[in-house]
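Structural description and commentary
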Amino acid sequence: MSRRLRSSLARTSTTGAPEPGRRRTLKALAAGVGTLGGAGTLAGLSGHVQAQSAEPIRIGFQVHRTGIGAAYGRWYDRTTTAAVARINAAGGINGRPVEIVAEDDGTDPKRGAEVIEKFEQRHGCDIAFGTLFSHVVIGSAPRAGELKIPYFVVSEGHHVASGMLNRYTLQPGITDVRSQVQAMAPYVSENLGKKVTMLYADFAFGHDHRDYFSEAIAGQGGEVIAKIPIPPTETSFTKYFPKIPRDTEVIYHVMVGPSVLTFVKEMGEFFGPSAPPIFGFIDSLEAVDIASPGLEFLEDTYFWEGYPRYAQTGPDNVNAFDADYREAVGVDENGASVSDARDVSTYAHMFGCWETLNVIKAGMESADYRGPQDRSKLIEAVEAMSDMPHSLDHPQGAKRFNGKTHQTFGHQHISKVAGGRLDLVHTTSIEDTLYPDEVDYTTRSF
Amino acid sequence: MEFGPHLVLALLEGSITAAVLALTAAGLALVFGILRVVNVAHGEFFMLGAVLAWFVSTTLADAFGASAAIGFVAALVLAPLVTAAVAMAADRVVLRRIGYDPERTIVATIGLLYVLQQATLMSFGPDARPVEPPFNTRIALPWPERVDGSWAMSWPWGFGTTSYKLFVIGAAVVVLVGLWLLLRHTTLGLIMRATEQDRDMARAFGIPVTRVYALVFGLGAALAALGAVLVVPIQQAHYLMGGDPLLLSFIVVIIGGLGSVGGTVVAAVLIGLTDGVVSVFFSATLAKIIATLLVAMVLVFRPQGLFGKNTAR
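Residues numbered from 1 in each chain as written. Chains lettered and ligands numbered in written order. Predicted model: local features only at pLDDT ≥ 70, side-chain atom pairs only at ≥ 80, totals over all residues.

1. Some thoughts on the interface of chain A and chain B
Taken together, the contact pairs 22 residues of chain A with 22 residues of chain B. Contributing elements (two or more residues each) for the side of chain A that touches chain B: α3 (70-89) and α8 (260-271) of chain A. Examining the composition of the side of chain A that touches chain B, we find that five residues originate from one element, α8 of chain A, more than from any other. Of the residues in the side of chain A that touches chain B, the class split is nine nonpolar, nine polar and four charged. (Contact = placed C-beta atoms within 7 Å. Helix = DSSP H or I, 4+ residues; strand = E, 2+ residues; numbered from the N terminus. Nonpolar A, V, L, I, M, F, W, Y, C, P; charged D, E, K, R; others polar.)

Okay, structure coming up:
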């Protein structure tokens, strides 16, 4: 072997010590690590010192930017931004501004748990907030409980009140499916029919509909004669409709996911002119224009609406706080974005973000929240809440919060499709929606 | 619903699946047969076709007030052309550089899949968006029933289809016949078949093999995009819609026989109808399980597929 080749292979000087090049690199590395370490310590120290009044309150916003919940995530984001702008304009919480730290969970339970970890361990958030889809909540809540970070969900799933989750998970801004379907059953049974076929999304939220509506309609002397589950990722729905029994008196539908328009359109194509009475949840048409081609058959059918999409003008139906709320979140009187009439909102759900943030503010002020050391005080302060009157803080309507089950209760609405719009025809009382407690989280330790 | 009408409904649904699948899988079979490479991004070309169809029809409707029919026809022409252009660019920039090496192409096209998917997510967004069909009337279908001892036609509840769905089946047949004519009766088809049969021999005869490869890759992508344009007024355009067609296309190409476009079409009809019937009577998941089992059986007992042929390199 030539000497040049040998020496380049050996890469050492004749004395055997590391080459000057390598020594220089090692020195630079050591200096770099030292600087980083020093900077880190300084930052840590300064962070600790800065944890006083000017430091913002960081709310980790677990948002569905992609995945099957993307349409809801877009509107949850806009509503949250508007709610925080209003809170900050009024002086923030305990004199501190609110900062939203948003992370995409991809509407995926596993990623949801990772996002909760990021909020606690990387972003230093005070609380986590904002999740809608039930399977993501169920996947994320245990991690929130382990990390002891308060987790305010805006989900409608019955899992909070069922006792399945933990004392750190609360749902003070939106009502749950069990209370919704319980309030709907009397109206369906008296006005539409007693033999119901249910078409529902095949995951936690849809299972709540299946279980609790079956129970509620049985209590009214009715019966669910067929239950047809449909995966929320489904794109082609015609194959499900032949399973509907001929003697169905009422079709009950609640679908979620990007293809809901296809679902409703194909349902119309299946029935043609001979559709039975239909009672749907507006979830099947959230973010979809009811005047879309193919949806004409929905005329004279009924929808549950968490919050009526179209601004109601009838003397009994006017909501005194709706106009200001609509302006703040950028929605016109038809429920679409003020900057793009084709961008229809998820109006029946997004109010939950607005109201939850106002509850968080009230809770933090009541608990005199200073930092993460006060998290359990915050939860206790929210648990102590009960009646929340109808106001711009709660534009959907008055609420009654149950501190033991961590679930809020409110008015439910039924609308009828007329002339391509949704007109409110019935509003329930809060009492119509109550059910016995299944859990008392206040007896659990932190 | 009674069994008879239920079965016909299932077969109709299966026919639409088969029609779109035949187009998509034919594109994949062409690419595999002639280029001898696996294009994992094939489903994304399908998705691109749907997304471009939405873009074309919405732009024409907004800017020129075009009707749904004009928008659809424009999409039918433009979406496959643009998708083919994207595919040919990918062939030039990626596939040619790695020399059409089989393993490297798999990895490269996986990367291409992610690039196309995420680019669409970043521009088109995460929502599903509808495209209006050029025409769509519900057609109630009759069914013979025995009434008082003699046969009479009745119109069972819920038993119907739409004019657009029937059009999709017809259009797919027309395109596949056109493809067959292209392959069998034109010089271009002859060149493609020669390149498929023996690449080096074809080169020796003066056929510009690299250019043929680019053209075939573009044609394969265009067929997938065409299938997507046909199906998008029934479903909607969504950035993740390429996953299912990719899986089903691979299943169909393997069962039909690698390199045989005719075999692929037969397999597409078989798988499409099975999928339709099983998912209507049982569940969509069971339909996918059966399709995957069929592929496993074919790979074990007849690896060259039902109609596959062994060709020299």
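2. Topic: the packing of α3 of chain A against helix α10 (residues 347-367) of chain A
All names here are of chain A. Relative to each other, α3 and α10 sit at 35 degrees, their axes nearing to 8 Å. The way α3 lies across α10 gives a crossing that is right-handed. Contacts from Tyr 72, Trp 75, Tyr 76, Thr 79, Thr 80, Ala 83, Val 84 and Ile 87 in α3 reach His 349, Met 350, Cys 353, Trp 354, Leu 357 and Lys 361 in α10. In terms of residue class, the contact of α3 with α10 is built from ten nonpolar, three polar and one charged. (Axes fitted to C-alpha atoms, helices over the stretch in contact; angles between N-to-C directions. Left-handed = near helix turned anticlockwise from the far one by under 90°.)

3. Brief notes about the domain arrangement of chain A
Residues and elements named next belong to chain A. Entries for chain A in the domain assignment read domain 1 (57-176 + 350-410) and domain 2 (177-318 + 415-424). Distance between the C-alpha centres of domain 1 and domain 2: 28 Å. Contacts between domain 1 and domain 2 engage 15 residues on the former and 18 residues on the latter. Looking at the side of domain 1 that touches domain 2, the elements that each hand over two or more residues are α3 and α5 (134-147). In terms of residue count, the dominant contributor to the side of domain 1 that touches domain 2 is α5 (three residues). (Domains from an automatic or database assignment.)

4. Looking at the sheet that holds strand β7 (residues 223-230) of chain A
Residue and element names in this part refer to chain A. In space, the seven strands of this open sheet follow the order β7-β6-β8-β9-β10-β16-β17, with mixed pairing throughout. Bordering the open sheet on either side are β7 and β17 (421-427), each of which pairs with just one other strand. If you compare each strand with its neighbour and ignore which way they point, the axes differ by 25 degrees on average. Relative to β7, strand β6 (residues 195-201) is paired through seven bridges, and the arrangement is parallel. Considered in β7, the bridge of Leu 199 is made with Ile 228. Along the sheet face, helix α7 (residues 204-219) touches β6, β7 and β8 (250-254) and points at about 165 degrees away from the line of β6. (Pairing = 2+ DSSP bridges.)

5. Some remarks on the sheet that holds strand β2 (residues 98-104) of chain A
Adjacent strands of a sheet pair through backbone hydrogen bonds, lying either parallel or antiparallel. Residue and element names in this part refer to chain A. In space, the five strands of this open sheet follow the order β2-β1-β3-β4-β5, with parallel pairing throughout. Bordering the open sheet on either side are β2 and β5 (169-170), each of which pairs with just one other strand. Note: strand β4 (residues 151-152) against β5, two bridges, orientation parallel. Across the sheet, residue Phe 152 finds its bridge partner in β5, namely Leu 170. On the sheet, α3 packs against β1 (57-63) and β2 and is oriented at approximately 170 degrees with respect to β2.

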